[in-house]
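Below are the chains, spelled out letter by letter.
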Amino acid sequence: MKKKPQPNYATVKTKLKEMKRALLARLGHTKGTEGFSSDSGPGDYLDEASRTQNIELNYVLNDRDRQELRSIEGALERIEAGSYGECEDCGGPIEPRRLEILPFAVLCVACQEEREVQQRRS
Ligand SMILES: [Zn+2]
């Protein structure tokens, strides 16, 4: 107990892994992707149409979800590195309440707002 007080990593980790799993499932990157192999099942063209739609939907989701996935993985890495909960910009602690809602947040509220303002300006 010589270290500074830290958030409950076990809980955060569980939460992050849960989010990651849900995200991967949504992206269709789960282990059981047998159904995705080409030429499976009867050549129903309606089925074909809905499959194309699904692929398009995946493309829409991809960018955002991939970014989220990267954030989740980054958070897991930071837990391992012991830098979890530190603001990327100012190095200060990220508000625990914020981490509760957004476990993979890399910025404290002030820096996040600052960045959003800058993004809006550019
Ligand atoms: Zn900050």
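Throughout this document, residue positions are counted from 1 along each chain, in the order its sequence is written. Confidence filtering applies because this is a predicted model: local features only for residues at pLDDT of at least 70, side-chain atom pairs given and counted only at 80 or more, and all residues used for totals across whole chains, interfaces and linings. The side-chain values count all of the structure's non-hydrogen atoms but skip hydrogen atoms and water molecules.

Working definition: rings of Phe, Tyr and Trp (its six-membered ring) pair if their centres are within 6.5 Å, and the pair is stacked with planes under 30 degrees apart, edge-to-face with planes over 60 apart, and tilted otherwise. Counted under the stated rule, the structure contains 1 aromatic pair. The interplanar angle of 85° and the centroid separation of 6.0 Å between the aromatic rings of Tyr9 and Tyr84 together place this pair among those described as edge-to-face. Here Tyr9, found in helix H1 (residues 9–27), pairs with Tyr84, found in the loop between helix H2 (45–81) and helix H3 (96–101); they are 75 residues apart in sequence, far enough to count as distant. When a residue's accessible area, from a 1.4 Å probe over protein chains only, is under 20% of the maximum for its type it is buried; when over 50% it is exposed; and in between it is partly exposed. Residue classification places Tyr84 among the buried residues on the basis of a relative accessible area of 5%. The secondary structure listing takes helices from DSSP runs of H or I that are at least 4 residues long and strands from runs of E that are at least 2 residues long, numbered from the N terminus.

It is worth spelling out the coordination of the zinc ion at this point. Looking at the metal site, the zinc ion is ligated by Cys87 (SG), Cys90 (SG), Cys108 (SG) and Cys111 (SG), spaced 2.3 Å from it. Each of the 4 donor atoms bound to the zinc ion contributes to angles spanning 104 to 115°, and the resulting shape is tetrahedral. One chain supplies every donor to the zinc ion, and in sequence these donors are spaced C-x2-C-x17-C-x2-C. Placement of Cys87 in the loop between H2 and H3 and of Cys111 in helix H4 (residues 109–121) is noted, with a sequence separation of 24 residues between them. Sites may look incomplete because water is not among the atoms; the donors themselves are N, O and S atoms within 2.8 Å of the metal, or within 3.2 Å for Na, K and Ca. Here a site with four donors is tetrahedral if all angles are between 85 and 135 degrees, and a site with four or six donors is square planar or octahedral if opposite donors are over 155 degrees apart and the other angles are between 65 and 115; anything else gets the irregular label.

The rule for a salt bridge is simple: a side-chain nitrogen of Lys or Arg has to be within 4 Å of a carboxyl oxygen of Asp or Glu. Following the criterion strictly, the structure yields 4 salt bridges and no others. For Glu80, the salt bridge goes to Lys13, with nearest N and O atoms at 2.9 Å. One end of the pair, Glu80, is in helix H2; the other, Lys13, is in helix H1, and 67 residues separate them in sequence. A salt bridge links Asp89 to Arg115; its shortest N-O distance comes to 2.8 Å. On the criterion of sequence distance, the pair formed by Asp89 in the loop between H2 and H3 and Arg115 in helix H4 is long-range, its members being 26 residues apart. Of the residues examined, Arg115 reaches a relative accessible area of 31% and is grouped as partly exposed.

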